[in-house]
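Below are the chains, spelled out letter by letter.
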Amino acid sequence: MAEASGRRRPKAEDGAEARPKEEAADEPLPLAPQPYPQSAPEDTPLTFGTFGAAAALCPASSSSRRRREKGAGPEGAGGALGADRRKSKVWHYYTKLGDAFVECTVCKKQLSFHNSTTTMREHLARKHSIRDAPPKDERGAEHKGHEAKRPRPAESGPRHGDARGEAILELVLEMIVRDLQPLSVVRDKGFGLLLGYLEPGFALPAPARLAGMLRHRYGAARRQLERYLQTAPGLVLCLEPWAARPGHRYLGVSASFIDAEWRRARCLLDTRQTCQDEAEGDLGEQLRAVLAEFGVCSQAVLCVVHGGEQPAAAAHGWAGLGCAARVLQRCVEAGLEVQPVREALSGARGIVRYFQQDAKAGGCLSGKLEALNKSQCKLVLDAGSCWGSTMEMCERLLELRWALMAVLEEQPRGAAAPPGLADHQWKLLQELVAVLRTLGIAAAFLREEHNASASALMPCVHGVAAAIGQQAEAAGAAVGAAVGRIRAELRRRWGLEDKEKLLESPAVIASFLDPRFKELRFLSPALRSELHGRLKALLSQTFGHCPPSPGTHPWAPGLGSKTEGAPSPSAYDILLGKDPTESTPEIHRQLENYLVEPLCKRSADPLLWWRSNERRFPALARLSRRYLAVPATAVPPHQAFATGDCALQHRRAALPHEELHQILFLHHNLELLEAGRSAQRDPR
């Protein structure tokens, strides 16, 4: 009977069946996602490990389930034999994962297990040169006659007290700050599985422990930023209103300045919850309180760049400047409200929605685009809060016009079918796209890093108004009316027609102090001459006839020293009259010498130019450091001119209110503080 059934497998030394070498592979088995354990109480640290999850990955065989259900007979004896087998020395180096797999505690490899330790012994001998020798500490226990206990895997992982455990906690907090994640991310199932696989046995603390670490890091960063702001010659406040969800409105208060090395810096000072009906005076007092928290005097603030309608600056002697991205959006919105333009855009949105919602029409369009080798072109629906997305939507429609019309003609006309666009509306969209592209060029110009200052704003506004005016002359009546509204809003919102407002604008003064735009071509000769006179008076009032004394604020008025008495005229003065070069103050001569300097290229960085010429024009350099710090946008340009919502807006909206300011503060100031620490380590 034995011969008929085939050759029996040889027995191993411990009495179990030995498996062929090809079946005893050492390759680890892939792990599949497992159910995450129930959340621990708030006070209990979370312990992540791969052992429980790996055991759940290996379902017990049907025979094992029957043994557990019956609990007697040969199966029960087999269970007892398995319990005795675990006393073998080889089990000092393995952990059992279910009934069919084991894991090596030395290299974490998983092996198949079929009631035989032969493969396990071969793996220890071949991979680790271990010959059934128990660990050193457990060998001593065996000599004493006590049963050696195998250490639990959770006890071998890093703990909070050791260096590796503290480093892991710091990296978890670093991930939370850099990626704008809430502290509760440590309780998410995916995060627990990942960390448990990478660091088996590591016990993560409760979110309350991370909250304490976050407060400590925030306090240290706040003190470092406070010391850094004390070295700034002047500040510009930037206000960004944003909403997390209905009923939760916030205001981000940032400071922009140029440091001693002529580097542009922007740091977040505060993020506070606001009310929609908050008065302008209350907001101004809040800004003064924010400055006082960092030890900054309100007189050090030159300008407030605001993203809303009310700057809350005039009451405190601060100049106000609207965010270039927000103002440009309002101007374009006014132009798109022209009746024919609004009707054409409404029809365009209807076509896009139809092809996005109707599966049959969308599939037919995809087939035609593949035949035309335009399968990469997709229809885009614009966002009402961004004119750039409206331009992109119209461009895609014009590019796919004939394919769209062909599908609309082939499809049966139902209630959901869009009415389509007439020929004159297609022409209107084409003319409108040309105008929007010009505005897009202006936005791309202001998005460049060396044009982040408000010095590039007024030349750009003047140029784009002239360019779209020329385009309107060749366009139809509808687009001409839209361009007229856009130009009117540009002139009104930036005060291009108000002489007094224009000459006092920080953006105009910054343009003069920019060696690329100091000719001020957007001003008439009379206004240009008047601005030069005002700058001479500003230099005399601010700096006097001599440089400020050490230890005083460079922007404080009355820095000039009083003269004890007028010098007596020399013999040459009596003979030839007073020397005109001596009667001209030094700061005025700096201004005249600066005017005759050649213009820089528009691609040059004005801050690098002033860094090289600071010693030639010391008074003008101090004034330039103040006015060139005024940014054109209340937020970084790449964020201000984005065509859609960025990840920052979604992630910060998901942060809880209690930890929102601390996480945002560390996130936005991370690079600035790291640069400050690097500068302290390397004074060069």
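What counts and what doesn't
Residues numbered from 1 in each chain as written. Predicted model: local features only at pLDDT ≥ 70, side-chain atom pairs only at ≥ 80, totals over all residues. Heavy atoms only, no water. UniProt positions renumbered as here; feature names shortened; annotations may be inferred. Patch = residues over 30% accessible without salt bridge, like charges linked within 9 Å, V, L, I, M, F, W, Y side chains within 5 Å. Areas by Shrake-Rupley, 256 points an atom, 1.4 Å probe, with all protein chains shown as cover. Salt bridge = Lys/Arg side-chain N within 4 Å of Asp/Glu carboxyl O. Helix = DSSP H or I, 4+ residues; strand = E, 2+ residues; numbered from the N terminus. Core = buried A, V, L, I, M, F, W, Y, C linked by side-chain atoms within 4.5 Å. Buried < 20%, exposed > 50% of the residue type's maximum accessible area, 1.4 Å probe, protein only. Axes fitted to C-alpha atoms, helices over the stretch in contact; angles between N-to-C directions. Parallel < 35°, antiparallel > 145°, perpendicular 65-115°, else oblique. Left-handed = near helix turned anticlockwise from the far one by under 90°. Contact = heavy atoms within 4.5 Å. Nonpolar A, V, L, I, M, F, W, Y, C, P; charged D, E, K, R; others polar. Pairing = 2+ DSSP bridges. Phe/Tyr/Trp six-rings, centres within 6.5 Å; stacked < 30°, edge-to-face > 60°. Polar contact = N/O pair within 3.5 Å; in protein donor to acceptor, adjacent residues only side chain to side chain.

Per an unreviewed UniProt entry, the chain is named BED-type domain-containing protein, and its organism is Anas zonorhyncha. UniProt's Subcellular location (unreviewed entry) comment on the chain is quoted here verbatim: "Nucleus".

Asker: Tell me about a nonpolar patch on the surface, residues and numbers included.
Answerer: Taken together, the side chains of Leu194, Tyr197 and Leu198 make up a nonpolar region of the molecular surface, amounting to roughly 350 Å² of accessible area. Secondary-structure assignment places leucine 194 in helix α8 (residues 189–198).

Asker: Could you give an account of the nonpolar core, naming the residues involved and the relevant values?
Answerer: By size, the foremost hydrophobic cluster in this structure holds 106 residues, and its most contacted members are Val341, Phe355, Leu397, Leu439, Trp494 and Trp610. The element that contributes the greatest number of residues to this core is helix α16 (residues 423–447), accounting for 11 residues. In terms of nonpolar packing, the next biggest core, distinct from the first, is built from 58 residues, Leu204, Leu210, Ala232 and Leu269 among them.

Asker: Report on the packing of helix α9 (residues 207–230) against helix α29 (residues 657–668), specifying residues and quantitative values.
Answerer: The contact between α9 and α29 brings their axes to 10 Å, and the two run at 50°. Compared by their axis directions, α9 and α29 come out oblique. Crossing of α9 over α29 shows left-handed handedness. The segment α9 lies against α29, with Leu214, Arg215, Arg217, Tyr218, Ala221, Arg222 and Leu225 engaging Glu659, His661, Gln662, Ile663, Phe665 and Leu666. When grouped by side-chain class, the residues that make up the contact of α9 with α29 number 7 nonpolar, 2 polar and 4 charged.

Asker: For the sheet that holds strand β9 (residues 301–306), give the residues involved together with the corresponding values.
Answerer: What the 5 strands build is an open sheet, ordered β8-β7-β6-β9-β10; its pairing is mixed. Two strands close off the open sheet at either side, each with one partner strand: β8 (264–274) and β10 (319–322). Across the sheet, the axes of successive neighbouring strands diverge by a mean angle of 25°, strand direction being ignored. Relative to the sheet, α29 contacts β6 (235–245), β7 (248–258) and β8, its axis offset from that of β8 by approximately 175°.

Asker: Any details on the packing of aromatic side chains? Residues and values, ideally.
Answerer: Under the criterion given, the structure shown has 13 aromatic pairs. A ring pair is formed by tyrosine 594 and phenylalanine 617, whose centres lie 6.1 Å apart and whose planes are at 75°; its orientation type is edge-to-face. Taken together, the residues tyrosine 594 in helix α24 (residues 586–595) and phenylalanine 617 in the loop between α25 (606–613) and α26 (618–627) connect sequence positions 23 residues apart. Phenylalanine 617 carries the same exposure label as tyrosine 594, and that label is buried. Measuring from ring centre to ring centre gives 6.3 Å for tryptophan 610 and phenylalanine 617, while their planes differ by 80°; the resulting arrangement is edge-to-face.

Asker: So what about the side chain of glutamate 240? Which residues, and what values?
Answerer: Its location among the elements puts glutamate 240 in strand β6. Residue classification places glutamate 240 among the buried positions, given a relative accessible area of 16%. A distance of 3.0 Å separates the side chain of glutamate 240 from the side chain of arginine 652, its partner in a polar contact.

Asker: I'd love a proper account of the sheet that holds strand β2 (residues 94–97), names of residues and values included.
Answerer: Across the sheet, which stays open at both edges, the 3 strands sit in the order β2-β3-β4 with antiparallel pairing between neighbours. The two strands at the open ends of the sheet, each matched to only one other strand, are β2 and β4 (110–112). Within this sheet the neighbouring strands show an average axis-to-axis angle of 30°, counted without direction. In this structure, β2 lies alongside strand β3 (residues 101–104), joined through 4 bridges in antiparallel fashion. The partner of tyrosine 94 across the bridge, within β3, is cysteine 104.

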